[in-house]
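What follows is the residue order along each chain.
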Amino acid sequence: MRRRLGKASSTTSMLLTLVLVLAACGRHSDEPSTPEQPVSQDTSVCSGPMGVGSQVPEGAGTGDLIKSEPLNPVGKQAEGFPVRATVWRILYVSMGVDETDLQLVCGMAAIPESGPRVVDGKADILAWSHGTVGLDQRCLPSSNPEKLFWGPMPGGIGAVGIGNELGEYEGTPDNGALQYALDQGWSVAATDYQPNDTYVVGRVAAANVLDSVRALAQLVEEQHADSEKIDTYEMVTWGHSQGGHAALWAGQMADTYYSSTSPSKPTPTIELAGVVGLAPASTFVAAPGSDARGLADWEMHKTIEVVGLPIPALELQIGPALFSYIFGSWSNFATSVPMSPDAALPAFPGIGAITPDAILTAQGQQSVRTITSLCLETESKKVQAATAPYRDARTNQMLVQSIWNLPDPYTVGEYFPGGLDAACAAPPDEGIGAWCDWITWNMPGPRGTSPYPEVPMSEGKPVPILIGQGMDDSIIHCMPAEDASVSVVPPASDCMSSALFDDLSPYYCDASGPVSTLHLLAYRKDGSASPASHLSIPGQLSAADLTRDGTRTRFAGSPVQEFMSGAFASSLTPGCVETVVNSWIRATERWSPSHHRTGRSPGPRQKAGPRNETPRRDRARVRHRGARCV
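Throughout, residues of each chain are indexed from 1 in the direction in which the sequence is written. Local features in a predicted model are, by the rule used here, given only for residues with pLDDT of at least 70; side-chain atom pairs are given and counted only at 80 or more, and totals for whole chains, interfaces and linings are based on all residues. For side-chain calculations, the full set of non-hydrogen atoms in the structure is used, while hydrogens and water are omitted.

1. Side note on the state of the cysteines
How we decide: Any two cysteine sulfur atoms lying within 2.5 Å of each other are counted as a disulfide. Under the DSSP-based scheme used, a helix requires at least four consecutive residues in state H or I and a strand at least two consecutive residues in state E, with every element numbered from the N terminus. Accessible area is worked out with a 1.4 Å probe on protein chains only. A residue is then buried under 20% of its type maximum, exposed over 50%, and partly exposed in between.
Under the criterion given, the structure shown has 5 disulfides. Sulfur-sulfur distance for the disulfide between Cys 139 and Cys 375 comes to 1.9 Å. Its torsion about the S-S bond being -80 degrees, the disulfide of Cys 139 and Cys 375 is classed as left-handed. Of the two residues, Cys 139 sits in the loop between β5 (122–129) and α4 (145–148) while Cys 375 sits in the loop between α10 (362–371) and α11 (380–387), which places them 236 residues apart along the sequence. Residue Cys 375 is classed as buried on the basis of its relative accessible area of 3%. One disulfide bridge connects Cys 478 with Cys 495, the sulfur atoms lying 2.2 Å from each other. Its torsion about the S-S bond being -95 degrees, the disulfide of Cys 478 and Cys 495 is classed as left-handed. Of this pair, Cys 478 sits in the loop between β15 (465–470) and α15 (496–508) while Cys 495 sits in the loop between β15 and α15, placing them 17 residues apart in sequence. Each member of the pair, Cys 478 as well as Cys 495, is classed as buried. Listing the disulfide partners of the protein by sequence rank of the bonded cysteines yields 1-2, 3-4, 5-6, 7-8, 9-10.

2. As for the sheet that holds strand β8 (residues 187–191)
Filter applied, for reference: Pairs of strands are assigned from DSSP output, requiring at least two bridges between the strands. Between N-to-C directions, angles span 0 to 180 degrees; the directions come from axes that are lines fitted to C-alpha atoms, helices contributing only their stretch in contact. It only takes one pair of heavy atoms within 4.5 Å for two residues to be counted as in contact.
Read across the open sheet, the 10 strands follow the order β2-β3-β4-β8-β5-β9-β10-β15-β18-β19; overall the sheet is mixed. A single partner strand is all that each edge strand has here, and the edge strands are β2 (65–70) and β19 (575–580). The average undirected angle you get between the axes of adjacent strands in this sheet is 20 degrees. The pairing of β15 with strand β18 (residues 517–523) spans 6 bridges and is parallel. Bridge pairing links Gly 470 to Tyr 523 in β18. Contacts from α15 reach β15, β18 and β19 within the one sheet, and its direction differs from that of β18 by about 160 degrees.

3. Comments concerning the packing of aromatic side chains
Put simply, the rule reads: Stacked, tilted and edge-to-face are the three classes applied to pairs of Phe, Tyr and Trp rings, where Trp contributes its six-membered ring and a pair requires centres within 6.5 Å; stacked means planes under 30 degrees apart, edge-to-face means over 60, and tilted covers the rest.
Overall, the coordinates contain 19 aromatic pairs when judged by the stated rule. Relative to Phe 555, the ring of Tyr 180 lies with its centre 5.5 Å away and its plane at 65 degrees, an arrangement referred to as edge-to-face. Placement of Tyr 180 in helix α5 (residues 177–183) and of Phe 555 in the loop between α16 (537–541) and α17 (559–569) is noted, with a sequence separation of 375 residues between them. Residue Tyr 180 is classed as buried on the basis of its relative accessible area of 15%.

4. Things to note about the packing of helix α9 (residues 318–336) against helix α14 (residues 430–441)
Our working rule: Our angle categories are set so that under 35 degrees counts as roughly parallel, over 145 as roughly antiparallel, 65 to 115 as roughly perpendicular, and the remainder as oblique.
It is at 12 Å that the axes of α9 and α14 come closest, and there the two elements cross at 100 degrees. Classified by the angle their axes make, α9 and α14 are roughly perpendicular. Note on element contacts: α14 touches α9 through Trp 435, Trp 438 and Ile 439, opposite Phe 327, Trp 330, Ser 331, Phe 333 and Ala 334.

5. So, the pairing of β15
Most of β15 sits inside the fold, with 6 of its 6 residues counted as buried. By the alternation rule, side chains of β15 split into Ile 465, Ile 467 and Gln 469 and Leu 466, Gly 468 and Gly 470, which are all buried. As paired elements, strand β10 (residues 269–278) and β15 share 4 bridges and run parallel to each other. Within β15, the residue paired with Gly 277 across the bridge is Ile 467.

6. Overview of the environment of Gly 134
Here Gly 134 is to be found in the loop between β5 and α4. In this structure Gly 134 comes out as buried when scored by relative accessible area, which is 9%. Placed 237 residues apart in sequence, Gly 134 and Ile 371 show a C-alpha to C-alpha distance of 9.0 Å. Not counting residues within four places of it along the chain, the set of residues in contact with Gly 134 comprises Cys 139, Leu 140, Tyr 325, Leu 374 and Leu 376.

7. Focus on the pattern of salt bridges
Where charged atoms of side chains with opposite charge meet at close range, the side chains can pair. We apply this condition: Counted as salt bridges are all cases of a side-chain nitrogen of Lys or Arg within 4 Å of a carboxyl oxygen of Asp or Glu.
Applying the stated criterion across every chain, the model contains 10 salt bridges. Salt-bridge contacts for Glu 234 lead to Lys 122; the nearest nitrogen and oxygen are separated by 3.5 Å. Taken as a pair, Glu 234 in strand β9 (residues 232–240) and Lys 122 in strand β5 lie far apart in primary sequence, 112 residues in all. You can call Lys 122 partly exposed: its relative accessible area is 39%. With a closest N to O distance of 3.6 Å, Asp 136 and Arg 138 form a salt bridge. Of the residues examined, Asp 136 reaches a relative accessible area of 29% and is grouped as partly exposed. Among the charged side chains, a salt-bridge network with shared partners connects Asp 136, Arg 138 and Glu 379.

8. Digging into the nonpolar core
This is how the line gets drawn: Residues enter a nonpolar core if they are buried and are Ala, Val, Leu, Ile, Met, Phe, Trp, Tyr or Cys, with the set joined through side-chain atoms within 4.5 Å.
Of all hydrophobic cores here, the largest spans 103 residues; its most connected members are Phe 149 and Trp 238. Top contributing element to this core by residue count: α9, with 9 residues. Membership of the second largest hydrophobic core comes to 61 residues, among which are Ala 215, Leu 216, Leu 500 and Cys 576.

9. With respect to unusual backbone geometry
Most peptide bonds take the trans configuration, and most residues that are not glycine carry a negative phi. Of note, the bond from Met 153 into Pro 154 is cis; its omega dihedral lies within 30 degrees of zero at 5 degrees. With respect to the helices and strands, the residue Pro 154 is situated in the loop between α4 and β6 (161–164). Cis geometry marks the peptide bond from Asp 408 to Pro 409; its omega dihedral reads 10 degrees. Tracing the backbone shows Pro 409 in the loop between α12 (401–404) and α13 (420–425). You will see that Arg 84, though not glycine, has its phi angle at about 55 degrees, which is positive.

Here you go:
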């Protein structure tokens, strides 16, 4: 294990640290980094004239593998490249606005060198969904796999990385998640998502994930035709932030999508075994009439600071940055391809048209045009510059006033919640109402308004879900109130993942008892031992060792690994469990599904145990470096 130490030594490095929180998943920003032995930069399989955005071959169906490029000849020279495995860029067919709109999508695939482990005709696939890195094809993991696929967490799924105030703990690639999966005989698929205009469009993200698994299955058939025949793949979907949203949606859509669509090539059956969503984007708006607040209102005027310093030049206005991706991509997607009026699998609601003017000011529309063209890995300074004016929310307003919700009086730099919850509860006009329809449609979980299943299902039964969450997360908001206990998970009013857990619980634990497995595992902030932030939570839940010294950052034995293995083996204990892992565990223990407190039904959480000594912050402090992804 390597422990990297050191503080920002200049204003420039501090600014880079700041901006990386938005998902610039690399060790440096705005300056391309090149490993000593670079991975092949020939991405023509994805970005060439016959790649993403080109015509789908005649007769091809959803999930068909169109092209593949092995990266082994040069990829093994990149730090962290998995051993005893083959890694590929893959181009495959997926679904756009509806079943009549087929699109070419790119991604990554990794296969054990000798082929998948097969038991009684069954094999396992892990489907990884990445966090926010930008919308353009050049921004996506297949264009930068050494950082965004086999790179360290949270950008990739290689070495387990855990950030702290002084630097970061980082394990070694041979003890990372990707290598562990391949050593177990699991294959791994990782979609780019359809680029440009489908950001957090749930049905499209789900199709992209599910079809990447089909394409990987076809690649295995091509490359290991002489191996033991595979009749069925068990699949676990897994993602962080934007990727957590995609993993949940893929779980909800799996049965419906696989039964309603088919590739043209023979492909084994794929069955959903489990879902892992780490700080997943969910609960975009609160339930009407509740005292909770939705994610959009929490984020709208959130300022991210470097080590708590209120220096405007070193701040990131995170709401305008993320809203640019949402409103910009959705506006384009709504008019990109006409949706069939009788579509069986529509990607968005067919009622009302969304227009930028209905929700964005003229200044906001200009910001959207600027930001949606940028890659967060290499152009994060430009994102910071484009959002900086919104620190003065009176002079610079991105959204219409009913949603911007500017208070009077107002002080420059002041935090205040947005007004989307109220606007969607009682839309002031049809234009905003149409946007609210899109927002609630794309929410995962039971409160989403799409016509698709409300929870991940297989054979009529809810599929096991693990939700992971840090309790100092200012992006997918989860922070205890000022006087609240930090020994219990914050309630739905203070934690988006708690709201999701509460929505899912009745489906998993009804009056007759537990039906399936639903876990919400949270980490409270505990100095450098547990940052519990949006960026640290993938590493914290993927690390076997929960002791304070952080010296065993390996995937084997971690909560995520044990959940995945249990899901594949159908051995998880049914029940609804939510716990703050580091509030009770002894220094010599690791969390496991058998080490937990009794689950509860949704309802008020009791205040007990240690109190939160840190006042609730209107600004989030960022003290991380390294590969980052939202």
